[in-house]
Amino acid sequence: MNDRPASVRAARGAAAAVLAGELALVACLLVGVRLPGWALAGAEALAGTVLLLDAWVLRSLYAAARARGADRRAAGRVALHEAVPVTVRRLILHELRALASLGRWALRRTHGVGPGDLAAAYTGPQTTMMYGLLFVMVIETVGLAYLIPWQAVHRLILVFDLYGVVLVLALHAACVTRPHVVSPDGSLRIRYGALFDLAVPPDAVASVRVDRRYPEGRLITLSEDGVLDLIVGSQTSVTLELNRPLPFTRPLGATQEAHTIRFHADDPRTLVTALHQPA
């Protein structure tokens, strides 16, 4: 049974409905469809009403958290967590981080790599595939511009295709600018773009070795016996044995544990050597 207050459930449902309506309205405007004035006014009035409802619910949740003794930042975090589903929050966060990586990529900067750290790239197996996908998407966009005779439909598809191109570039940029990191103290940070980030303390490492494998499955695959495969381009090249299970968070928020982690590094020997010889 859902134990959230009825006001929170109502605000979530209303916000989802209005979000879908707003996206449809924006799509109509992008393709040049003119809506009657009363429809635009009604849509904006409904959106304003829902925003007021959400603001009231957030204010109530914030006040309740403050009454329980939380400071302002913690109370604001509690209110947002209650009002916005974790899956939606994580999807938006992943996308924003990926888009921000485009600027970092253009400036040739990396994220989370400090002085003395070893940055280990892992994008080698997927780079050709990514650029191939971008090429196909661009060709598809140009081809549809000539094949679709309806200008409104063409504009809508063009918007989605261009956003798709930007998003694919952003996902790849996030992987380039967020490498694995080996710190001088022997700790390891295993990452895949903005989607996966696991910190492995040095006292949790039992052994590490170069071990090239070609597993089948999705990006993040956990076997029943606790072996985590972080697969890039259908391969892994490093096997990390742990002396205790470590929790990790999946992209959409689920938490699980692994006692063995297999992941890819473009130069696995350098990464393994760095872990064997902490400063």
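The rules behind the values
- Residues numbered from 1 in each chain as written.
- Predicted model: local features only at pLDDT ≥ 70, side-chain atom pairs only at ≥ 80, totals over all residues.
- Heavy atoms only, no water.
- Helix = DSSP H or I, 4+ residues; strand = E, 2+ residues; numbered from the N terminus.
- Buried < 20%, exposed > 50% of the residue type's maximum accessible area, 1.4 Å probe, protein only.
- Contact = heavy atoms within 4.5 Å.
- Areas by Shrake-Rupley, 256 points an atom, 1.4 Å probe, with all protein chains shown as cover.
- Pairing = 2+ DSSP bridges.
- Phe/Tyr/Trp six-rings, centres within 6.5 Å; stacked < 30°, edge-to-face > 60°.
- pLDDT = per-residue confidence, 0-100.
- Axes fitted to C-alpha atoms, helices over the stretch in contact; angles between N-to-C directions.

*Asks:* Help me understand the overall build of the protein chain, please; the structure alone is not making it clear to me.
*Replies:* If you tally the helices and strands in the protein chain, you get seven helices and nine strands. Burial status across the protein chain gives 31% buried among its 279 residues. Taking as baseline every contact in the protein chain between residues at least 6 positions apart, the subset at least 24 positions apart corresponds to 67%. Of the roughly 16,200 Å² of accessible surface on the protein chain, a fraction of 63% belongs to carbon and sulfur atoms.

*Asks:* I tried to follow the environment of R59 on my own but got confused; where do I start?
*Replies:* Of note, R59 is situated in helix α2 (residues 37-67). Here the alpha-carbon distance between R59 and G76, two residues 17 residues apart in the chain, equals 9.0 Å.

*Asks:* Explanation requested: the pairing of strand β9 (residues 255-263) in the structure shown.
*Replies:* Regular strands place side chains that alternate from one sheet face to the opposite one. Here strand β7 (residues 227-230) runs beside β9; their pairing, made up of three bridges, is parallel. Note that in β9 the partner of L228 across the bridge is I261. Across eight bridges, strand β8 (residues 236-249) lies against β9 in antiparallel orientation. Bridging from a neighbouring strand, T239 pairs with R262 of β9. Turn length for the β8-β9 hairpin, with the two strands adjacent in sequence and antiparallel, is five residues, and the turn residue G253 shows positive phi of about 110 degrees.

*Asks:* Please clarify how the packing of aromatic side chains should be interpreted in this entry.
*Replies:* Describing an aromatic ring pair means giving the distance of the ring centres and the angle of the ring planes. Applying the stated criterion across every chain, the model contains two aromatic pairs. Judged by centre distance (5.9 Å) and plane angle (35 degrees), the rings of Y122 and Y192 are tilted. You can see Y122 sitting in the loop between β1 (118-120) and α5 (124-147) and its partner Y192 sitting in strand β3 (residues 188-192), a full 70 residues away along the chain. Comparing Y122 with Y192 shows no difference in burial state: the two are buried.

*Asks:* Honestly, the pairing of β3 in this entry has me stumped. Any pointers?
*Replies:* Counting buried residues in β3 gives four out of five residues, a clear majority hidden from the surface. With two bridges joining them, strand β2 (residues 180-182) and β3 adopt antiparallel strand pairing. Its bridge partner being in β3, V181 is matched across the sheet by R189. The turn linking β2 back onto β3 is made up of five residues, and G186 within it adopts a positive phi angle of 95 degrees.

*Asks:* Honestly, the confidence of the model for the protein chain in this entry has me stumped. Any pointers?
*Replies:* The predicted structure's coordinates, where accompanied by low pLDDT, should not be read in detail. For the protein chain, the average pLDDT comes to 81, and 73% of its residues sit at 70 or higher. Here helix α1 (residues 6-30) stands out as the least confident element of the protein chain, with mean pLDDT 56; β2 is the most confident, with 98.

*Asks:* Help me out: how do you make sense of the sheet that holds strand β5 (residues 205-213) in this one?
*Replies:* Across a sheet, strands are paired by hydrogen bonds formed along the backbone, either parallel or antiparallel in direction. Spatially, five strands are ordered β5-β8-β9-β7-β6 in an open sheet, and the strand pairing comes out mixed. Sheet topology places β5 and β6 (220-222) at the edges, where each strand pairs with a single neighbour. Between one strand and the next, the sheet's axes are offset by a mean angle of 35 degrees, whatever the strand orientation. Strand direction decides the pairing type here: β5 and β8, joined by six bridges, are antiparallel. Residue pairing for β8: R213 is matched across the bridge by T236. The strands that helix α7 (residues 268-276) touches are β5, β8 and β9; relative to β5, the one it contacts most, it runs at about 170 degrees.

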